[in-house]
Amino acid sequence: MTRISGTYLAKRLVVSYLTLLVIMTLLFVLLRSMPGSFISSMITSGMTAEQIEQIRETWGLNEPLWKQYLDFMINYQTGNFGRSPTYNAPVADLMIRRMPRTLILFGATFLIGFIIGPLVGMYLGWWRGTKKDKSIFSTSLLLYSMPSFWISWLFIWVFNYEFNLLPSAYMFTQFPEFQWTAVTVMRDVLYHIALPIMSLTFIGWVGAMLIMRPTMNQVTDEGYVFLARAKGLSERTVMIKHAARNALIPVATGAVVGLAFLIDGSIIIENVFSWPGMGQIIVSSVLERDFPVAQATFFLLAVLVVIMRLLTDIVYTYLDPRIKFGESE
Amino acid sequence: MSEKQSGSSRRRFLQGTGVAAVSAGLAGCSGEGDSETETTEESTPTEDQTPTEVGDAEDIPEGGIFNFGMGTAPNTLNDLASSSAYVGVITDRIYESGAAIDPVNFEMHPNVFTDWEAEVLDETGETDQPNVEIGFDVRTDGLTWNDGTEFTVDDVIFTYNYLLEQNPGGFAASLAPIESVEEGDDRDCLMTLNQPNGTFAYDQFGLPILPRHRWEDVDDYQTYEPADTDFGPVGLGPGVVTQYNPDTSVEVSFAEREGEYNLSDLDWRSEVPGVIPGGPFVDAMRIRVYSSQSALHQALFEGDIDTLYENIRTSRIQDAEDSDRLELLDGFDTGYGHYSFNTRRTPLDDTAFRQVLGFAYDDVYWTEQLQRGYAQEGDFVMPPGYTAVRPETDSDQEVLEGSATQAFSFRQTSPSVPDVEGIRSFLTEGQIITGEGGTYVGQEYPGSLTGVTAGQSEPKHDYSFGSVESDVLVNADEEPDQEIRIDGELLTDVHDGPLTMLLSPAQEAPQTAQMVDDWISSLRQIGIPVDREVVSFNTRVQRAYGSEDFDMFTMGWVNLSPFATNTLYSLHHSDNADDHSVAESEGDDDNTDTLLNNPMGYGVFEDAGADDLIDEARTTLDPDERNQVSRQAVERIYLDFATMVTGYEVTKWPVNSADWTGFVENIPGPGSTYLGTQILQVHRNE
Amino acid sequence: MATGQGDTETEGESYTRRWEPRLERMKRGWSRYTEHKIGVVGLIILGIYTLWAIAPSVFAPHSADWVAYLGEPPVQSRMSAEQVRSLPHPPAFGDPFFAPLGTNANGKGILSLVIYSARNAMYIGLAAGLLSSLVGVPLGLISGFYGDTWIDEAIQRFVDIMYGLPFLPFLIVLVAIRGITTTNIIIGIAVTSWLNNCITIRGETLSLKERSYVESAKVAGASDTRIIFRHIMPNVLPISFVFLAQDAAGAVIAQASLAYLGLADFTANSWGIMLENIKSQGYIFSAWWWLIPPGVALMLMAASFYFIGFSMEDVTNPQR
Amino acid sequence: MDRSDDREPLVEIEGLRKHFDQSQGIIDTVLGREPQPVRAVDGVSLDIYRGDTVGIAGESGCGKTTLGKLLVKLYEATEGSIRFDGRDITELTREDEREFRKRVQMIFQDPFESLNPRMTVYDTVSEPLKINDMVGGYDERRARVKQVLEDVGLGPAEVYLDAFPDELSGGERQRVAVARALVVDPDFVVCDEPVSMLDVSIRAGVLNLMKDLQAEYDLTYLFISHDLSLIRYMCDRAGIMYLGDLVEQGPTDDVIDDPKHPYTEALFDAVPDVELGAERRRANATGEVPSPRNPPSGCRYHPRCAHIIPPDGWTGSQEAFRRAYQFKLRLRRGELDAEAAREEAGEPAEALVEQGLTLDVPEEYRSEAEIESGGHRVDVGSLDLPGDARRALTEAAEAVLGGEPDAAVDAVDDVVTTRCETEAPEPLPSGTRKVACHRYDDDRLEGIGTDDGGLSAATAED
């Protein structure tokens, strides 16, 4: 069982880092190519040229672009994300405040989606071609085709507007009157997260299912499954213990795709449900040309994606000992 | 009109997401309630300078928490650095200013300053205008900072000098005329202005008073964040910030304020109809932030909040009326929506041509169809609630209704169909509405109300109509039969392409987009090649106000001054316009990327401008005289038609009347501009 | 040599004989496709949408400019205040007007708008799908064919970088830079969605080029171009069609998401815009006839693309 | 020998090497890391005569397929030369290359992979004609294709012309592959395991067909297979490959009946059915095939060799040396299990020596003690191990137990040495063939050595 070699890991880390640098460069160029600037909302009638110059200086816009670029690249190496003009606060504070909220939403959705998805995919792959498979598969494709905001509205309509069962805004009760204990806070968060998660996972699990189904189907033809069956093990045992384990590998890699879905989904969902995370500000910061915030959110999401890619590679090796990275055959 | 700018001493943007849904039926109507009230002397305070115990207040039940909702997050508690109206919802509870305006009569009253007196000096400063010295006294008795610290005259002097030194963008216009503020001999303080200003109590006394012990050490106001300090922002106001989660919720407590607050007990309050002295009566105001208007309204109807910022959206008015819990309070617009034209460009340089653009604007479609009656037809650059400076004042015409306000109303052959032939002959016959009475495109015009005339007496260009040739019109769905010629040439040749209207993406203002469509369609039917370009708010601000690179654009103003002069100066005076005619020849000193509020270039050219009237109004100290000149300026601006006022909103402010009472109605911006008044007097129902 | 057997055939006959087997093959492929019910359903749905897109006026009860109470343009009158207040109007069948799915707040018929919007969605879906295939497939082919060279490395690093830019926010920036028009939205979607195509096609090409039929073509002297176009491309195309279908579905949904965020061309008739309008005008919970149809139409279009795509995958994938 | 005298070789291979670079990432290049190539073919020299069928045999991974592909120019050689019909094929002009492509063809192993699933039989078979512009019109081409198809036994051709590969059986496919190779009327065909993927029942048909076609088309074959019986059946001459090099080549019958190289010997031992009725044995070779990325020095086979040559002064038996050498190898690879030795009863160093002297070979070659202990120990006493060697081993074992592996290696290095480890043997003529083994160095120079009585197979007779 080869594990990942140190040099391979080091190499991947270096490549990931370089990739991030390029992404940052791209980000800088893209964001600065947008017309307009946050400075528009700060400059007012009657201001003197010096005042305007002073504002530009405060926000570092008077520097030549290459200098701004260099500052950006260098500052980010030291974790200095700058200051947001629209929030009048260090961007890092903003990120620290909002990132965990988004990660909670991400994490929960990811977990649920990647439990339901592969399970259903396993089932469908195993029974591929049967009526059950066909009907469930086509239904799930229908779900997959729904715009996430639309399904959110439908859920809010049913669960909030009509029956008032679940709240449609915030991550927890604002101005709570109950005692703050671990249990109450937990319950409160669960109560609030229910609708956003339902909306996201309602669509999200299909992605994992789509990956699981064909690979599961493929492994059913493999010898070891045949062998397990021949041994007289029950269908269920064979399906879960022998086939599914091996079919999980592509699902692990598919997690990156799932992440992309989550990022897109969370932008929409956070906006629909007043969930105060990263998704909310990423759109508004672009629209308001708040470059420091936009840069930081994009950057952090890129870091997330890059880390996930790395992790999936590692998970990959552990799931499938046949695959060796950085090892010669 | 989803995005607006505020034209008061503070420029505040309602950020893109806030729907400024126009509301309120015409029933119960505009200006009627208090239209007789004249704007009175505001430079001299009313007599009462000491707080009095108000008998009524004792009967008013105190306590309770008032829940407030907003659709945009307040990003900071730094009142100086922010221009967001949503920040003001919080900071206006914290900071007080020298003088206060009452929302009913628009009079200036003592607030932190007890009384004042202005004297025009002989000497002149850098400007050619005579300097003015204002002496004022400061209320130090019975008033403390909200952290309990003692308030002194020194704080006031510090504030003005600090602001002069830092010159925050939002206050620049009010600070510019201030020469100095120092300790006085007879009076507590002496302020010197470099020019006479009849509305100094509104402008210069409207600046927030800052605590020296907090701001002294702040070297750069822009990066200071009061929310990060252990107490939060310190001011003279009734509130303290006790919880601040800018993304979701903020609590402003009145019960937990340290020290004494007596500004709501001032005598003048009991004399203003509808105003209840003695507040605030609630323990706290809790502000919840929602990420969308849908969520915000959802919360209102679910009872999570008692009211929301600004307005209820049109689509929920019926629901609110059906609700037992909610009541809709009527109010007025504090600004106007407009289409503005770049008078530097041919043929927009011609008043006659611009007036035709007005003939094509279907006001009724806008107010009745798109806004469902929750908007008023636009005419003058002062909203109908500011009666003192409306040209109808001193005439027999009703506000908004008189035929003199209908000079540029939609010319139609049958409902919603433009009178193409009539409009074309208006142009070809060389007609122009100068202010003289007459019949223009089949509609009577009685002549101007104030006797002013337009800057131009006859058209600049020779207009004719010929075969359709420009691409825009050839491909147009409207299929016009003729196209306009300007001095014998195609518009697209004279102007280098069709006229282009800049408007926002329809995300929150689909009605505006629809209206522009309808207007463009009418213009095309007439034979004028017009196109449309969708650009985001920021881009539009930059294109229009920054580089003046536009033909026409749509936007709106809120929070205009009820005293007109300041607003007229900053929005319609040539001082606030870049003169691009100079750019080509001599240097670009006169052309900056500064966001100047007069992008039309109105007043830059001789044939269209109200500079003289505005200048006169600004330096006139007598209020009556000043208002009269202002009215003339307003009508001149109307006739010159560099900016087309498309409408005023009818405000419907939803409040939870089942639990709360004490609101003032029929004032401008009841849920926004004068939200402070409401918060001071809201109290529990018995 | 072997013509001695006496089979003298004309040009035409020989031509038919050459093509017959291909037709036969297509027929067989088709019959294999039709075994997948969802594929057929997808085709039927898409067929209906295509008809809507080509001739909406035949199917819609009104034109897209029709307005409740007033009828088709040119309109010579206005709605009364009461009429305006009745909007958005629930489904009506002749009294006071005919609008089987009701109207929106401006009095436009929902059914008509839904039908007229098919063209926009079709256009965006197919154009974006095609465009992203046109980028992704050649890049994947090149990357795979020159696997393990600097060309491949460069393309793969580029893909890595693009993966690091989250799709929707990146799209927002692109649209912000280039302006909000349908064309730019399509370009934006294509620019961000070719990655999966590229990676899959690359993998496929990598394995195909190791097949011995490619080697035997090389032994016979085939050029790189011939190998790519004659041997690899035909084996890769079916998958790229699958991706085209999936990209098209993704594009339709992405456009709706952009519309939700207010970044779509509002003058176009589109389902996303209809949904954006119901949000911005505030009728989400009060006009189900306006909320449901555009969403269902969108869902069915995306689903039909998915249906077709996955059925094709089954057909082209010889596994089963 | 007789055949080679009167004919010109069609293909002459000299010192051919093909090294595959492990893909070099940017990072490696930046860091200047040395690539460690896979030495797939490493110094092959071989002549193939017109009309011959030359077989190449060897375990999978020994480089025989690479050799085949080098011959048809699918790969460029890293070093060495291939001359086809007198011309170096690495220096062909465009025109010559065209000619070369017509004259040299290859038949691949897997008929399921070697036919493009999206091309009909006609398209596939006619493709080389089209590429090389060989036959004029469509009809002519079609006729040519039909004829070849019928030649390969796919008649009537009409039935097959428009068929797709997935409609054909494996045998039919391979016949199509043969037809494709023959359609250009080549001189030389490389057959890479042409029947290994086919059912046993149809192998003979295809093989016989190939034999028939050889006569009909006047072909020269290079026949690559791991199956020695096939080689024997098909080939006039055979070459045995090990780790990229030919260790022995000569007339098939000679090579098979009388293998000279220890590897050949082991290889044939491994094949039970070379001679029917012969006693079934397993290869007397230790361990596994080493990585071609880092092949052993000297004779590549020496670590596994049963006949490894003791140094001149060796007083013990050859078997004892072989075991002592295994001890040294284990020592170097760090495979000696000190823990296990400590747990054993008795002296740990002794136990370690016993452990190190075991042979990882099939049971029939093991000593009794080994069999008893399950391959973990040998009875040192029964081995004819010279005293100094014995001492060196014990010393080394103690060093290992003391945690000084370097010292351990030093201890045995001087005592347990062999020419096989240090000198690469040249393929030298030995009778009718060429053998690359040091045992035959002396043979050529001064007759066969006398001290290799341990040889289990027949010794060389000349």
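Residues numbered from 1 in each chain as written. Chains lettered and ligands numbered in written order. Predicted model: local features only at pLDDT ≥ 70, side-chain atom pairs only at ≥ 80, totals over all residues. Heavy atoms only, no water.

1. Re the overall build of chain C
Rule in force here: By definition, any uninterrupted DSSP run of H or I lasting at least four residues is a helix, any uninterrupted run of E lasting at least two residues is a strand, and each is numbered from the N terminus. We compute the radius of gyration from the C-alpha atoms alone; for a globule the expected value is 2.2 Å times N to the 0.38, where N is the number of residues. The cut-offs for exposure are 20% and 50% of the maximum accessible area for each residue type, with area from a 1.4 Å probe on protein chains only; residues under the lower value are buried, those over the upper are exposed, and the others partly exposed. Contacts are assigned to residue pairs that have any heavy atoms within 4.5 Å of one another. For every accessible area listed, the method is Shrake-Rupley and the probe measures 1.4 Å; residues are considered covered only by the protein chains on display.
Each helix and strand in chain C was counted, giving 12 helices and 2 strands. Shown N-terminal to C-terminal, the secondary structure of chain C runs as helices and strands in the order α-α-α-α-β-β-α-α-α-α-α-α-α-α. For 320 residues, the compact-globule estimate of 2.2 N^0.38 gives 20 Å, and chain C exceeds it by more than 25% at 25 Å. Judged by the C-alpha coordinates and their principal axes, chain C covers about 90 × 55 × 35 Å. The buried share among the 320 residues of chain C stands at 57%. Of the contacts made within chain C by residues no fewer than 6 positions apart, 70% connect residues no fewer than 24 positions apart. Here chain C displays about 12800 Å² of accessible surface, and carbon together with sulfur accounts for 62% of that area.

2. Notes on the interface of chain C and chain A
Worth spelling out the cut-off: Two parts lose some accessible area (1.4 Å probe) when they are put together, and adding that loss for both gives the buried area. Note on definitions: salt bridges are taken to be side-chain nitrogens of Lys or Arg within 4 Å of carboxyl oxygens of Asp or Glu.
With 45 residues of chain C at the contact, the number on the chain A side is 48 residues. In total, about 4400 Å² of surface goes out of reach between chain C and chain A, with carbon and sulfur atoms giving 78% of it. Together, Tyr260, Phe285 and Met299 of chain C form the three largest contributors to the area buried by chain C at its contact with chain A, with a combined 16%. Counting every contact that joins chain C to chain A gives 1 salt bridge. Between Arg309 of chain A and Asp160 of chain C there is a salt bridge, with its nearest N and O atoms 2.5 Å apart.

3. Digging into a negative patch on the surface
Threshold: Like charges within 9 Å and nonpolar side chains (Val, Leu, Ile, Met, Phe, Trp, Tyr) within 5 Å are joined into patches, using only residues over 30% in relative accessible area that form no salt bridge. Charge counting treats Lys and Arg as positive and Asp and Glu as negative, with His and both chain ends excluded. Positions of charges follow a simple convention, taking NZ of Lys, CZ of Arg, CG of Asp or CD of Glu.
On the surface, Asp462, Asp487, Glu489, Asp493 and Asp496 of chain B cluster together into a patch of negative charge. Within the secondary structure, Glu489 of chain B sits in strand β22 (residues 489–490).

4. Focus on the interface of chain B and chain C
This is how the line gets drawn: Counted as a polar contact is a pair of N or O atoms within 3.5 Å, where, for protein atoms, one must be capable of donating a hydrogen and the other of accepting one, and residues adjacent in sequence contribute only when both atoms are in side chains.
Taken together, the 32 residues of chain B in the interface contact 25 residues of chain C. Buried surface at the junction of chain B and chain C, both sides included, amounts to about 2400 Å², of which 46% is carbon and sulfur. There are 1 salt bridge connecting chain B and chain C. Residue Asp362 of chain B pairs with Arg78 of chain C through a salt bridge whose shortest N-O separation is 2.8 Å. There are 12 residue pairs in polar contact (both at pLDDT 80 or more) connecting chain B and chain C.

5. As for the pairing of strand β1 (residues 9–20) of chain D
All names here are of chain D. Note the following rule: Strands were regarded as paired on the criterion that DSSP finds at least two bridges between them.
In this sheet, strand β2 (residues 38–49) lies alongside β1 in antiparallel orientation, the contact comprising 9 bridges. Looking at β2, one finds that Ile13 is bridged to Leu46. Where β1 lies against strand β4 (residues 79–84), 5 bridges are found, and the strand directions are antiparallel. Its bridge partner being in β4, Glu12 is matched across the sheet by Arg83.

6. Brief notes about the nonpolar core
Within soluble globular proteins, side chains that are nonpolar generally end up buried alongside one another. To keep things clear, this is the line we draw: Throughout this description, the term nonpolar core refers to a set of buried Ala, Val, Leu, Ile, Met, Phe, Trp, Tyr and Cys residues connected via side-chain atoms within 4.5 Å. For the domain bounds, the source is a domain assignment made automatically or taken from a database.
Phe136, Phe205 and Trp519 of chain B are the most contacted members of the largest nonpolar core, which totals 325 residues. With 15 residues, helix α12 (residues 288–316) of chain C is the largest single contributor of residues to this core. Counting residues domain by domain, this core receives three or more from each of domain 1 (2–333 + 650–684) and domain 2 (336–649) of chain B. Setting aside residues no more than four positions away along its own chain, Phe136 of chain B makes contact with Phe113, Asp115, Trp116, Val156, Tyr160, Arg187, Asp188, Cys189, Met191 and Phe205 of chain B.

These figures come from the coordinates and say nothing about function on their own.
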